[in-house]
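Read off the chains here:
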Amino acid sequence: MKIFRLLSGSAAALALVAGLAAAQPAAARDRLSPGAAVALGALGGLAVGAVVGSAVAQPQPPVVYRAPPPPPPPVYVEEAAPVYYERPVREVYVERCTTERYREWVPGWGWEHRTRRICN
């Protein structure tokens, strides 16, 4: 925040210098004596200085430390006991099969080798 105050103060001073450099001398027709013009300029400068100074010197809100909320209480979960069951016994039918190879005469073709499956 100190850098911000430094920059704000520098900007205000630069604006004041620029305003003074661009000021025109008072004309005779503004119906004010030179002393009154100086008094009004001084009062205006004080007013602007007070506004800029109060804007720069605003107190910062105090830093408040908020502690994080406490952790939740621990949760204990009982695991269920494993369940064992007996698989049903499936009866398996086993077929005893054999493959038989033989030759057969095919008219117009000749002897052909064939196979057949024989199950008990």
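Residues numbered from 1 in each chain as written. Predicted model: local features only at pLDDT ≥ 70, side-chain atom pairs only at ≥ 80, totals over all residues. Heavy atoms only, no water.

The next point concerns the UniProt feature "transmembrane region" (unreviewed entry) in the chain. Those places that UniProt annotates as "transmembrane region" (unreviewed entry) correspond, in this numbering, to residues 33–57. The distance separating the terminal C-alpha atoms of residues 33–57 is 36 Å; by composition the span is 92% helix and 0% strand. (UniProt positions renumbered as here; feature names shortened; annotations may be inferred. Helix = DSSP H or I, 4+ residues; strand = E, 2+ residues; numbered from the N terminus.)

On to a nonpolar patch on the surface. A cluster of nonpolar side chains, Leu 40, Leu 43 and Leu 46, forms an exposed patch at the surface whose accessible area comes to about 340 Å². With respect to the element layout, Leu 43 can be found in helix α2 (residues 34–56). (Patch = residues over 30% accessible without salt bridge, like charges linked within 9 Å, V, L, I, M, F, W, Y side chains within 5 Å. Areas by Shrake-Rupley, 256 points an atom, 1.4 Å probe, with all protein chains shown as cover. Salt bridge = Lys/Arg side-chain N within 4 Å of Asp/Glu carboxyl O.)

All told, the structure shown has 3 salt bridges when counted by the stated rule. Notably, a salt bridge pairs Arg 116 with Glu 100, separated by 2.7 Å at the nearest N-O pair. Note that Arg 116 is positioned in strand β2 (residues 110–119) and Glu 100 in strand β1 (residues 97–106), a separation of 16 residues in sequence. For Arg 116, a relative accessible area of 43% corresponds to the partly exposed category. Given a relative accessible area of 29%, Glu 100 falls into the partly exposed group. Arg 114 serves as the salt-bridge partner of Glu 112, at 2.8 Å between the closest nitrogen and oxygen. Within the structure, one salt-bridge network assembled from shared partners comprises Glu 104, Glu 112 and Arg 114. (Buried < 20%, exposed > 50% of the residue type's maximum accessible area, 1.4 Å probe, protein only.)

This part covers the state of the cysteines. Enumeration according to the criterion identifies 1 disulfide in this entry. The disulfide partner of Cys 97 is Cys 119, and the S-S distance across this bridge is 2.0 Å. Taking the sign of the S-S torsion, about 105° here, the bridge from Cys 97 to Cys 119 comes out right-handed. In this pair, Cys 97 sits in strand β1 while Cys 119 sits in strand β2, placing the two residues 22 residues apart along the sequence. The class for Cys 119 is partly exposed, based on a relative accessible area of 34%. (Disulfide = S-S within 2.5 Å.)

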